[in-house]
Amino acid sequence: MILKSYEVEKNFSKLKSFRSILIYGENIGLKETIKKNIAGLYKNAEIIKIFQEDISKNKEVVKDEILNVSLFSEQKIIFINQANDKVINDIEYFLEHNNNNLRIILFADILDKKSKIRSLFEKKKDIGIIPCYNDTDITLKILVQKELGEYKNVNANIINMIINYSNLNRKTILNNLD
């Protein structure tokens, strides 16, 4: 099921209803924001981070993590970074052997429309896909206004200066605001 990134940003708790989520695209700042908020949704969960190259070295790493039961927490979240079509067999295995206490979140760069993993996530209703396209001036203005909402002397000139200084890069804006 395709989810719009701006709708997800309004309500991250929507993501709890999906067994697995694929987040892809060129907007690194947006993907990091989504990752941070997903980790916040599952505060008491065990979070495991795996990179695609780790899967290439050991084909069974994802299956082992799916089958392993955590002794310390009820839920387990697996983040797979730099995912591509090579991980599709592991995702299909997960969907067949689903445990309600396990979620797999995949982060990928730009995926081709013909990508197998992209088409899998777009077609199924119980797994979600979030494309993260580059921000526009309007989305960045909304972001800056939201982040600086508690400050009184923020005006349009200050917001425009922050956006222009960042070269329309969400990650740069968030780093500068922090």
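In the block above lies the structure referred to throughout.
An account of the accompanying structure is given in this report. (Residues numbered from 1 in each chain as written. Predicted model: local features only at pLDDT ≥ 70, side-chain atom pairs only at ≥ 80, totals over all residues. Heavy atoms only, no water.)

**Let's talk about the environment of Ile38**
In step 1: Mapped onto the elements of the fold, Ile38 is located in helix H2 (residues 28-41).
In step 2: In this structure the C-alpha to C-alpha distance between Ile38 and Asn175, which are 137 residues apart in sequence, comes to 19 Å. (Helix = DSSP H or I, 4+ residues; strand = E, 2+ residues; numbered from the N terminus.)

**Remarks on the nonpolar core**
Looking at soluble globular proteins, one finds that nonpolar side chains tend to be buried together.
In step 1: Counting residues in each nonpolar core, the largest one holds 27 residues, and the members touching the most others are Ile80, Ile91, Ile104, Leu106, Ile117 and Phe121.
In step 2: Sorting the residues of this core by element identifies strand S1 (20-25), strand S2 (46-51), helix H4 (61-67), strand S3 (76-81), helix H5 (88-96), strand S4 (102-108), helix H6 (116-123) and strand S5 (127-132) as the ones contributing at least two each.
In step 3: Here this core gets 5 residues from one element, more than from any other, and that element is H5.
In step 4: The residues touching Ile117, leaving out its near neighbours within four places in the chain, are Leu22, Asn84, Asp85, Val87, Ile88, Ile91, Leu106 and Leu111.
In step 5: Among the nonpolar cores identified, the runner-up in size contains 18 residues, and Leu3, Phe18, Ile23 and Tyr42 belong to it. (Core = buried A, V, L, I, M, F, W, Y, C linked by side-chain atoms within 4.5 Å. Buried < 20%, exposed > 50% of the residue type's maximum accessible area, 1.4 Å probe, protein only. Contact = heavy atoms within 4.5 Å.)

**Some words on unusual backbone geometry**
In step 1: At Asn167, a position not held by glycine, the phi torsion is positive, near 60°.
In step 2: Looking at the secondary structure, you find Asn167 in the loop between helix H8 (156-165) and helix H9 (170-177).
In step 3: Here Leu168, not a glycine, exhibits a phi torsion of approximately 60°, which is positive.
In step 4: With respect to the helices and strands, Leu168 occurs in the loop between H8 and H9.

**What about the packing of H2 against H9?**
In step 1: Running from N to C, H2 and H9 point in directions that differ by 60°, and their axes come no closer than 6 Å. As the angle between them shows, H2 and H9 are arranged oblique. Counted together, Ile28, Gly29, Leu30, Glu32 and Thr33 of H2 and Arg170, Lys171 and Leu174 of H9 form the full contact between these two elements.
In step 2: Looking at the contact of H2 with H9 residue by residue, the classes come out as 3 nonpolar, 2 polar and 3 charged. (Axes fitted to C-alpha atoms, helices over the stretch in contact; angles between N-to-C directions. Parallel < 35°, antiparallel > 145°, perpendicular 65-115°, else oblique. Nonpolar A, V, L, I, M, F, W, Y, C, P; charged D, E, K, R; others polar.)

**Structural notes on the pairing of S1**
In step 1: Of all 6 residues that make up S1, 6 are buried, and the element is covered over most of its length.
In step 2: Burial along S1 is two-sided: Ser20, Leu22 and Tyr24 and Ile21, Ile23 and Gly25, pointing in opposite directions, are all buried.
In step 3: In the sheet, S1 pairs with S5 via 6 bridges, with the strands oriented parallel. For Tyr24, the partnering residue across the bridge sits in S5 and is Pro131. (Pairing = 2+ DSSP bridges.)

**Looking at H6**
In step 1: Buried within H6 we find Ile117, Arg118, Leu120 and Phe121. The buried residues of H6 occupy one face: seen down the axis, they fall within an arc of 160°. Looking at H6, the residues exposed on the side facing more than 90 degrees away from the buried face are Lys116 and Lys123.
In step 2: On its buried side, H6 packs onto S1, H5, S4 and S5. (Arc of directions from axis to C-beta.)

**Things to note about the packing of H5 against H6**
A pair of packed helices is captured by two measures, namely the crossing angle of their axes and the spacing between those axes.
In step 1: Contact geometry of H5 with H6 gives a least axis separation of 10 Å together with a crossing angle of 25°. By the angle class used here, H5 and H6 are roughly parallel. Between H5 and H6 lies a crossing whose hand is left-handed. Only Lys116, Ile117, Leu120 and Phe121 of H6 make contact with H5, whose side of the interface consists of Ile88, Ile91, Glu92 and Leu95.
In step 2: Here the contact of H5 with H6 is built from residues that sort into 6 nonpolar, no polar and 2 charged. (Left-handed = near helix turned anticlockwise from the far one by under 90°.)

**What to know about the environment of Ile34**
In step 1: Mapped onto the fold, Ile34 is located in helix H2.
In step 2: Residue Ile34 is classed as buried on the basis of its relative accessible area, which comes to 0%.
In step 3: When the C-alpha positions of Ile34 and Ile130 are compared, they lie 9.7 Å apart, and in sequence the two are 96 residues distant.
In step 4: With residues up to four places along the chain from it excluded, the contact list for Ile34 reads Phe12, Ile23, Ile130 and Cys132.

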